[in-house]
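Descriptive analysis of the structure
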Amino acid sequence: KAGVTQTPRYLIKTRGQQVTLSCSPISGHRSVSWYQQTPGQGLQFLFEYFSETQRNKGNFPGRFSGRQFSNSRSEMNVSTLELGDSALYLCASSSSPTRRVSDTQYFGPGTRLTVL
Amino acid sequence: GESVGLHLPTLSVQEGDNSIINCAYSNSASDYFIWYKQESGKGPQFIIDIRSNMDKRQGQRVTVLLNKTVKHLSLQIAATQPGDSAVYFCAENIVSDSWGKLQFGAGTQVVVTP
């Protein structure tokens, strides 16, 4: 099976712009989670989508949003970019058959976003 | 307040020796734990997991130990190789409302020396 893919791999934007990142999960996986990774804060959970519905959300401002399509592909959007949004954005997918217990998440290579 | 950059603890291991990476988790109700390995420029890679009804699980060259009494998790790597050099993260499943989500530790940098 192909792994989780993320596009683009690298992105440079300026403050105030918006950006959309894309994630294609492993075939058959219906859950997609997004994380932000920075040297200062480590790996932080953004949100999770399952069957096109957001079912969990981390502590990020409303500028960060996402969606999931019927084929389980997911996008995340960051509006009004700030310098502090520079980070590696990681997407992870899982089959997640149960409600309460997270299934193993498999990560993509990430999108490196630089905000100038 | 001022944000403080994470200072990753570093474990320096000689090639061929065994490595032990430790992790303290936060929530006594966490019921699932995973270890990930992240090499430079790559996303985290699944190594091994353990459910809270177990205290030990073994994989290929790796063993995870879970001590729920003190909320401690460890990863043991046997016969450490240069390819094991990476940052290792533990993650715990935090149940929020009716859905679980993974919370990651800060990570440990493992450096394998010849």
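Rules and cut-offs
- Throughout this document, residue positions are counted from 1 along each chain, in the order its sequence is written.
- Chains carry letters and ligands carry numbers; both start at the beginning, A for chains and 1 for ligands, and go up in the order they are written.
- Note on the predicted model: pLDDT of at least 70 is required for a residue's local features to be given, and 80 or more for side-chain atom pairs to be given and counted; whole-chain, interface and lining totals, by contrast, use all residues.
- Only heavy atoms go into the side-chain values, all of them from the structure, while hydrogens and water stay out.
- In this description a helix means any DSSP run of H or I spanning at least four residues, a strand means any run of E spanning at least two, and both kinds are numbered starting from the N terminus.
- C-alpha atoms define the radius of gyration in this analysis, and the globule rule sets the expected value at 2.2 Å times the number of residues to the power 0.38.
- Each residue is assigned to one of three classes by its accessible area relative to the maximum for its type, calculated with a 1.4 Å probe on protein chains only: buried under 20%, partly exposed between the two thresholds, exposed over 50%.
- We call two residues in contact whenever any of their non-hydrogen atoms come within 4.5 Å of each other.
- Where accessible areas are quoted, they stem from the Shrake-Rupley method and a 1.4 Å probe; at the residue level, only the protein chains shown are allowed to cover.
- A pair of cysteine sulfur atoms is labelled a disulfide when the two atoms are within 2.5 Å.
- In these notes, a set of buried Ala, Val, Leu, Ile, Met, Phe, Trp, Tyr and Cys residues joined through side-chain atoms within 4.5 Å is what counts as a nonpolar core.
- A pair of strands is labelled paired if DSSP reports no fewer than 2 bridges between them.
- The axes are straight lines fitted to the C-alpha atoms, using for helices just the contacting stretch, and the angles between their N-to-C directions are given from 0 to 180°.
- The pLDDT value tells you how sure the predictor is about a given residue, anywhere from 0 up to 100.
- Salt bridge, as applied in this entry: a Lys or Arg side-chain nitrogen positioned within 4 Å of an Asp or Glu carboxyl oxygen.

This part covers the overall build of chain B. Looking only at helices and strands, chain B has zero helices and ten strands in total. On C-alpha atoms alone, chain B measures out to a radius of gyration of 14 Å, which is about the 13 Å that the 2.2 N^0.38 rule sets for 114 residues. Expressed as a percentage of its 114 residues, the buried residues of chain B come to 40%. In chain B, once contacts between residues fewer than 6 apart in sequence are set aside, the share between residues at least 24 apart is 53%. For chain B, the accessible area works out to roughly 6,000 Å², and carbon and sulfur atoms hold 46% of it.

Here the structure, examined in full by the defined rule, presents two disulfides over all chains. Linked covalently through their sulfurs, C23 of chain A and C91 of chain A form a disulfide whose S-S length is 1.7 Å. Since a negative S-S torsion denotes a left-handed disulfide, the C23 of chain A-C91 of chain A link at about -45° is left-handed. Linking C23 of chain A in strand β3 (residues 19-24) with C91 of chain A in strand β9 (residues 87-94), this pair joins segments that are 68 residues apart in sequence. Like C91 of chain A, C23 of chain A is buried. Across the disulfide, C23 of chain B is cross-linked to C90 of chain B (sulfur-sulfur distance 1.6 Å). Negative torsions about the S-S bond denote left-handed disulfides, and the value of about 40° found for C23 of chain B with C90 of chain B makes this one right-handed. Remark: C90 of chain B occurs in strand β8 (residues 86-96) and C23 of chain B occurs in strand β2 (residues 19-24); sequence separation between them is 67 residues. Here C23 of chain B matches C90 of chain B in class, with each residue buried.

With 21 residues, the main nonpolar core has W34, L46, F64, M76 and Y89 of chain A as its most contacted residues. Elements that contribute at least two residues to this core include exactly β3, β4 (31-38), β5 (42-50), β8 (74-78), β9 and β11 (111-115) of chain A. Ignoring anything within four residues of it in the chain, the contact list for M76 of chain A reads V19, T20, L21, W34, L46, F47, F64, S65, G66 and Y89 of chain A. Counting residues in each nonpolar core, the second largest holds 19 residues, with V13, I50, V62 and V110 of chain B among its members.

Residues and elements named next belong to chain A. Taking strand neighbours across the sheet as the criterion, the four strands line up as β1-β3-β8-β7 in an open arrangement whose pairing is antiparallel. Looking at strand neighbours, the two that pair on one side only are β1 (5-7) and β7 (64-68), the edges of this open sheet. The sheet shows a mean angle of 20° between the axes of neighbouring strands, direction not considered. Two strands pair when backbone bridges link them, and β1 and β3 are joined in this way by three bridges, in the antiparallel orientation. For Q6, the partnering residue across the bridge sits in β3 and is C23.

Moving on, we get to the confidence of the model for chain B. Predicted coordinates in regions of low pLDDT should not be interpreted in detail. On average, residues of chain B score 89 in pLDDT, and 91% of them reach the 70 mark or higher. Every residue in residues 1-5 of chain B is under pLDDT 50, and counting partners more than four places away or in other chains gives four contacts.

Let's shift gears to unusual backbone geometry. Residues and elements named next belong to chain A. In this structure, P8 follows T7 across a cis peptide bond, with omega equal to -10°. Mapped onto the elements of the fold, P8 is located in the loop between β1 and β2 (10-13). Unusually for a residue other than glycine, S72 sits at a positive phi of about 75°. Locating S72 in the fold gives a position in the loop between β7 and β8. Located in the positive-phi region is T80, a residue other than glycine, with phi close to 45°.

A complete count under the given rule lists eight salt bridges over all chains for this structure. A single network of salt bridges, built from pairs that share partners, joins R63, E82 and D85 of chain A.

All names here are of chain B. The four strands are arranged β2-β7-β6-β5 in an open sheet whose pairing can be described as antiparallel. Both edges of this open sheet fall to β2 and β5 (56-58), since each of them pairs with a single strand only. Taking each pair of neighbouring strands and ignoring which way they run, the sheet shows an average axis angle of 15°. Here β5 pairs with strand β6 (residues 62-67) via three bridges, running antiparallel.

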